[in-house]
Amino acid sequence: LRSRIGLTGELLEEAGIAVRAMPLLVLFPVLPFVVMILFFILWGYAALFIASAGSVPPSGNERFNPDETVHGMLGFHFFALIWNLLFIVAIQDTTVAGAVATWYYTRDKTNLSSPITTAFSNTMKFNLGSIAFGSLVVAIVKIITMIFEMMRKATGNENASGFSKFVS
């Protein structure tokens, strides 16, 4: 246990050195956060358009009832929201990991210029497909988990055990 505590201390010390060497590493997550906010605004705008699709009843006394196609489109649109947000977070994580790895494994750190920009460029050039596929898999698992959780709450079985608790 003491060796693990010592290793953790050394890792934190090295992380502090990395942040001192690349101070923009602390501010970099602000950019993906702004992109996520802009995407969420755009997503909400499109969701309103999808939700308002359909036909208005001929008499003014009836409620607007969207058909099943609109519900399916909103479901897919919600899935796309989760997928895109996970995609943006994965790009951020890969960029930070690439910048720290580049900094850590560079022997002559005086010749290191802009590791965050280089890592972001490498992420966009070489890792985008893997990030998209990985975020798709995670989004599918999250949606399945949400469905099972909703089913568990709908049945009123809050104290479930066994397989249903494992899945949700």
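Because the structure is a prediction, the values reported are computed rather than measured. (Residues numbered from 1 in each chain as written. Predicted model: local features only at pLDDT ≥ 70, side-chain atom pairs only at ≥ 80, totals over all residues. Heavy atoms only, no water.)

### Concerning the side chain of His77
Thinking step 1. Considering the arrangement of structural elements, one finds His77 in helix H4 (residues 68-105).
Thinking step 2. According to the relative accessible area criterion, His77 is buried, its value standing at 14%.
Thinking step 3. Non-local contacts of His77, meaning those with residues more than four positions away in its chain, are made with Trp43, Ala46, Ala47 and Ile50. (Helix = DSSP H or I, 4+ residues; strand = E, 2+ residues; numbered from the N terminus. Buried < 20%, exposed > 50% of the residue type's maximum accessible area, 1.4 Å probe, protein only. Contact = heavy atoms within 4.5 Å.)

### What to know about the packing of aromatic side chains
Thinking step 1. In total, this model carries six aromatic pairs according to the counting rule given.
Thinking step 2. Judged by centre distance (6.4 Å) and plane angle (40°), the rings of Phe76 and Phe79 are tilted. Placement of the pair is Phe76 and Phe79 together in helix H4, with a separation of three residues, close to one helical turn.
Thinking step 3. With relative accessibility at 58%, the residue Phe76 sits in the exposed group.
Thinking step 4. Overall, Phe79 belongs to the buried group, its relative accessible area being 15%.
Thinking step 5. Taking 6.0 Å as the distance between ring centres and 40° as the angle between the ring planes, the aromatic pair formed by Phe79 and Trp83 counts as tilted. Taken together, the residues span about one helical turn, with Phe79 and Trp83 both in helix H4 at a distance of four residues.
Thinking step 6. Taken together, the ring pairs in this structure connect Phe76, Phe79 and Trp83 into an aromatic cluster.
Thinking step 7. Across from the ring centre of Trp103, 4.8 Å away, lies the NZ or CZ of Lys109, which sits over that ring. (Phe/Tyr/Trp six-rings, centres within 6.5 Å; stacked < 30°, edge-to-face > 60°. Lys NZ or Arg CZ within 6 Å of the ring centre and 35° of its normal.)

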